[in-house]
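Fold and contact review
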Amino acid sequence: MAEKEVVETSEAQIAVHWQEEGYYYPSTEFIAQANMSDKGIYERFRLENFPNCFKEYADLLDWYEYWETILDTSDAPCFKWFKGGKINASYNCIDRHLKDNKNKTAIHFVPEPIDARYEHITYQELYVRVNEFAALLRDFAGLKRGDRVTLHMPMVPELPIAMLACARLGVIHSQVFGGFSGTACADRIIDSGSNVLITMDAYYRSGSLIDHKQNADVAVEHAEKDGQKVDKVLVWQRYPGKYSAKTPMVDGRDYFVNDLLKNYYGARVEPERMNSEDPLFLMYTSGTTGKPKGCQHGTGGYLAYVTGTSKFVQDIHPEDVYWCMADIGWITGHSYIVYGPLANCASTVIYEGVPTYPDAGRSWRIAQDLGVNIFHTAPTAIRALRKIGPDEPAKYNYHFKHMTTVGEPIEPEVWKWYHKEVGKGEAIIVDTWWQTETGGFLCSTLPAITPMKPGSAGPGMPGIHPIIYDDEGNVVPRGAGKAGNICIQNPWPGMFQTIWGDRDRFVDTYFARYCKDPSSKDWRDWPYLTGDAAVEAEDGYFRILGRIDDVINVSGHRLGTKEIESAALVVPEVAEAAVVPVAHDIKGKEPDLYIALKPGCEASDDMAKRISDAVCDEIGKIAKPRKVWIVKDMPKTRSGKIMRRVLGAISNKADVGNVMTLANPEIVEEIKAMVQK
Ligand code: WTA
């Protein structure tokens with residue numbers, strides 16, 4: 001197993017430190033209606049009862065054949081849940097609801113205001129559309145069980161329809177966030193080995209119709225250069241029957257889904273009886289190296305975990321209207337817009353655009369129009385809405401019983417505004433801490449049982465047993481209030497199974513550091529390293545401080561510093577690139593990009609812009625650096641290693657510490673003068 005590289009700068013080191021706050025309690029009305037108000041749940045899920053306690057989650061699903069082994073550890077740390085079980089995720093999210101709820105809305109679609117009318121898709125209609133698209137994927141695209149297909153879709157109902165159609169066939173979907181560039185999409189097509197790309201011609205964002213088809217052309221071109229053939233590009237139309245992009249279609253490769261679908265009207269596809277441990281989807285995420293990791297999620301375990309946590313933590317009942325503002329292109333959208341809510345027969349809202357366009361009242365208008373009563377968003381959106389429209393929520397007639405914050409640490413001040421103004425003092429809040437890898441929540445309060453504490457995610461979820469280690473591998477005693485690396489002692493059903501095609505990287509990244517015995521088949525020997533720093537208070541609540549590795553969390557989106565650095569190196573004059581996180585009052589963090597040029601190259605006027613544009617082309621606009629600093633030289637150790645910690649301190653106007661041991665200490669003052677002027 002690889003040695004862990006020494007990390008010089010991390011988000012955790014520049015985390016905002018705030019005091020422990022007091023508790024807030026749910027109302028008796030909330031407790032009376034909650035799905036989970038039995039305090040015994042923590043007792044039932046204590047470590048001694050692991051793994052059998054998770055039967056409670058599996059029993060929320062319909063199985064074709066019930067499982068035999070709850071947890072198979074024979075290939076540890078690639079754990080298999082509910083082995084022997086046969087199940088289909090599409091069946092569990094749709095078909096099983098038809099008997100009692102076929103006329104209930106499954107998906108409310110809110111387009112950008114330009115399009116005005118909302119769309120409401122019932123469970124019956126979702127059933128029809130998923131079946132027809134599944135037939136098309138099977139009979140026209142030739143996809144079958146175990147194949148991978150890449151989706152590069154915006155936030156429209158056709159995205160969950162495509163996901164559920166894949167799930168019906170046992171095809172492994174890999175949705176790439178719609179805002180990612182064609183090049184980023186290509187990397188994921190290549191890694192997953194997809195021959196088919198599903199996309200859409202265009203979509204709206206902040207008032208403009210964006211040509212999305214051009215990304216497909218870039219993606220296919222790049223993938224094919226790398227030897228990955230893409231036979232078919234299936235293009236949904238934002239306006240069925242009308243093509244909205246300027247980019248031409250390629251004959252014999254690109255097909256309009258809306259045309260093809262006519263051949264499949266009325267088609268029905270029997271759901272595949274998948275093994276519980278068969279992969280359901282891949283979700284790529286950023287890590288320590290430039291290459292994104294395809295987190296592979298299984299079927300039975302994943303679905304059980306998101307169904308259970310949607311029920312117990314999100315408190316979703318069939319009569320609720322639930323709106324999670326995330327993008328389905330991220331794990332939050334997969335677990336808590338699509339699979340979890342639909343498996344619970346909720347009405348889930350999908351909206352196009354951004355919360356702040358055309359005005360700061362948009363979110364609250366949507367909540368009022370649709371009668372949303374469960375609301376789920378990220379600190380970055382809360383901060384933005386608080387800044388531009390602090391009094392807006394009071395103008396609208398909506399009532400939330402429950403709200404979620406997810407994706408980054410939330411400052412207690414922001415939490416209190418969310419509670420008082422958005423939640424109108426009535427809604428409970430859960431601060432859910434988790435990751436792409438974990439499939440579902442790791443720490444959170446249970447809304448009717450554990451009180452809320454602003455700024456703290458809460459205790460481990462039932463059946464999730466966190467532990468904090470220091471850098472030497474010692475356990476930080478519970479309640480010591482000392483920061484360390486937070487790990488999870490046990491596997492759980494929502495946990496990813498491996499990194500697609502790279503088991504060694506899976507083991508090295510997540511388990512090598514604290515593994516007690518690499519040959520062990522006992523789950524107790526494989527604590528999972530989350531990559532976050534955290535503090536546990538006396539009451540067992542965890543406060544998450546940020547990433548300890550080379551990952552930056554920008555507006556709740558995970559970006560690898562190495563990914564941004566490799567993108568900058570595409571510009572021929574660039575010799576070295578170093579990215580550091582800078583604190584930002586809305587986005588949480590932003591990347592600052594330091595550049596040293598090759599000898600003989602001069603910094604021209606447009607150089608910084610060219611570098612910044614290269615980053616946007618390679619990854620997407622979300623990775624755009626706050627600033628590109630072209631420096632004469634990077635601060636380096638005597639062995640030639642770039643000292644990102646020093647650059648991070650300069651960008652954050654913090655103390656750079658002792659730099660006299662550097663090979664070139666004089667450069668520090670020079671960079672400081674440039675950046676801090
Ligand atoms: C951070 C998003 C503090 C954390 C679900 C984690 C959080 C990374 C919280 C995963 C929270 C997520 N409080 N930090 N409630 N939720 N994070 O994979 O650093 O996009 O490791 O999954 O976001 O980001 P990812």
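Residues numbered from 1 in each chain as written. Predicted model: local features only at pLDDT ≥ 70, side-chain atom pairs only at ≥ 80, totals over all residues. Heavy atoms only, no water.

1. With respect to the overall build of the protein
- Per the secondary structure count, the protein includes 20 helices and 30 strands.
- On C-alpha atoms alone, the protein measures out to a radius of gyration of 24 Å, which is about the 26 Å that the 2.2 N^0.38 rule sets for 677 residues.
- Principal-axis analysis of the C-alpha atoms places the extent of the protein at approximately 75 × 60 × 60 Å.
- Every one of the 677 residues in the protein was classed for burial, and the buried ones make up 64%.
- Summed over its atoms, the accessible surface of the protein is roughly 24800 Å², and 49% of this surface lies on carbon and sulfur atoms.
- Side-chain charges of the protein comprise 76 positive and 92 negative groups, with the mean position of each set lying 1 Å from the other. (Helix = DSSP H or I, 4+ residues; strand = E, 2+ residues; numbered from the N terminus. Rg over C-alpha atoms; globule rule 2.2 N^0.38 Å. Buried < 20%, exposed > 50% of the residue type's maximum accessible area, 1.4 Å probe, protein only. Areas by Shrake-Rupley, 256 points an atom, 1.4 Å probe, with all protein chains shown as cover. Lys, Arg positive; Asp, Glu negative; His and termini not counted. Charge placed at Lys NZ, Arg CZ, Asp CG, Glu CD.)

2. Here we look at the environment of valine 656
- The residue valine 656 is located in the loop between helix H19 (644-651) and helix H20 (666-675) in this model.
- The class for valine 656 is buried, based on a relative accessible area of 8%.
- Along the backbone, valine 656 and methionine 249 are 407 residues apart, and their C-alpha atoms lie at a distance of 54 Å.

3. Considerations on the nonpolar core
- Core analysis: the largest hydrophobic core is formed by 154 residues, its most contacted members being Leu126, Phe133, Ile198, Tyr339 and Phe400.
- Split by domain, this core shows at least three residues from each of two domains, domain 1 (16-87 + 299-545) and domain 2 (120-271).
- In this view, tyrosine 339 contacts Ala89, Cys93, Met163, Leu164, Ala167, His173, Leu280, Phe281, Tyr302, Leu303, Val306 and His334; residues no more than four positions away in its chain are not counted.
- The next biggest cluster of nonpolar side chains, apart from the first, holds 38 residues, and it includes Ile189, Phe256, Val579 and Ile595. (Core = buried A, V, L, I, M, F, W, Y, C linked by side-chain atoms within 4.5 Å. Domains from an automatic or database assignment. Contact = heavy atoms within 4.5 Å.)

4. Quick word on the domain arrangement of the protein
- Domain annotation for the protein reports domain 1 (16-87 + 299-545), domain 2 (120-271) and domain 3 (554-674).
- Relative placement of domain 2 and domain 3: their C-alpha centres are 36 Å apart.
- Facing the 7 residues of domain 2 at the interface are 8 residues of domain 3.
- Of the roughly 480 Å² buried between domain 2 and domain 3 on both sides combined, carbon and sulfur atoms contribute 53%.
- The interface formed by domain 2 and domain 3 includes 0 salt bridges. (Buried area = accessible area lost by both parts, 1.4 Å probe. Salt bridge = Lys/Arg side-chain N within 4 Å of Asp/Glu carboxyl O.)

5. Structural notes on the site of the ligand
- The local shell around the ligand holds 16 residues, among which Asp431, Thr432, Thr436, Asp532 and Arg547 are the closest.
- At a separation of 2.7 Å, a nitrogen atom of the ligand approaches a polar side-chain atom of aspartate 431.
- One of the side-chain nitrogen or oxygen atoms of arginine 547 is found 2.7 Å away from an oxygen atom of the ligand.
- Surface burial for the ligand is 96%, taken as the share of its 530 Å² of free accessible area covered by protein chains.
- Of all the secondary structure elements, the ones that give two or more residues to the shell around the ligand are helix H12 (331-343), strand E20 (428-432) and strand E25 (542-547). (Near = heavy atom within 4 Å. Polar contact = N/O pair within 3.5 Å; in protein donor to acceptor, adjacent residues only side chain to side chain.)

6. Quick look at the sheet that holds strand E29 (residues 588-597)
- Strand order in the open sheet made by the 3 strands is E28-E29-E30, with mixed pairing throughout. Edge strands, defined here as strands with exactly one partner in the open sheet, are strand E28 (574-584) and strand E30 (627-631). On average, each strand axis in the sheet is inclined to that of its neighbour by 25°, with strand direction left out of account.
- Bridge analysis of E29 against E30 gives 5 bridges, and the strand direction is parallel. Paired with isoleucine 595 across the bridge in E30 is isoleucine 630.
- The sheet strands contacting helix H17 (residues 561-568) are E28 and E29, and the helix crosses E28 at an angle near 140°.
- On the sheet, H19 packs against E28, E29 and E30 and is oriented at approximately 50° with respect to E28. (Pairing = 2+ DSSP bridges. Axes fitted to C-alpha atoms, helices over the stretch in contact; angles between N-to-C directions.)

7. Overview of the UniProt feature "domain: Acetyl-coenzyme A synthetase N-terminal" (unreviewed entry) in the protein
- In this numbering, the UniProt entry assigns the feature "domain: Acetyl-coenzyme A synthetase N-terminal" (unreviewed entry) to residues 48-93.
- Secondary structure over residues 48-93 splits into 20% helix and 22% strand, and the C-alpha atoms at its two ends are 32 Å apart. (UniProt positions renumbered as here; feature names shortened; annotations may be inferred.)

8. Observations concerning the side chain of glutamate 112
- Along the chain, the position of glutamate 112 falls in the loop between strand E4 (105-110) and strand E5 (119-122).
- With no salt bridge to any partner, buried glutamate 112 finds its closest opposite charge in arginine 362, at an N-O distance of 4.9 Å.
- A polar atom in the side chain of glutamate 112 sits 2.6 Å from the backbone nitrogen of serine 206.
- Among residues more than four places away in sequence, those in contact with glutamate 112 are Tyr204, Arg205, Ser206, Gly207, Glu352, Gly353, Val354, Tyr357 and Arg362.

9. Topic: the pairing of strand E17 (residues 347-351)
- Most of E17 is tucked away, with 5 of its 5 residues classed as buried.
- The two faces of E17 match: Ser347, Val349 and Tyr351 on one face and Thr348 and Ile350 on the other face are all buried.
- Direction of pairing for E4 relative to E17: parallel, over a ladder of 4 bridges. Paired with isoleucine 107 across the bridge in E17 is threonine 348.
- Direction of pairing for strand E16 (residues 321-324) relative to E17: parallel, over a ladder of 3 bridges. Bridging across to E17, valine 321 finds its partner in serine 347.
- One crossover worth recording links E16 to the parallel E17 by way of H12, and it is right-handed. (Right-handed = clockwise from strand over helix to strand, strands pointing away.)

10. With respect to the packing of aromatic side chains
- Counted by the stated rule, this structure contains 47 aromatic pairs.
- Seen from their ring centres, tyrosine 57 and phenylalanine 312 are 5.8 Å apart, and the 85° between their planes marks the pair as edge-to-face. Separated by 255 residues along the polypeptide, tyrosine 57 in helix H3 (residues 55-58) and phenylalanine 312 in helix H11 (residues 300-312) bring together distant segments of the chain.
- Residue classification places tyrosine 57 among the buried positions, given a relative accessible area of 1%.
- For the ring pair phenylalanine 281 and tyrosine 339, a centre distance of 6.3 Å and an interplane angle of 5° mean the geometry is stacked. Taken together, the positions of phenylalanine 281 in strand E14 (residues 279-285) and tyrosine 339 in helix H12 put the pair 58 residues apart, joining distant regions of the chain. (Phe/Tyr/Trp six-rings, centres within 6.5 Å; stacked < 30°, edge-to-face > 60°.)

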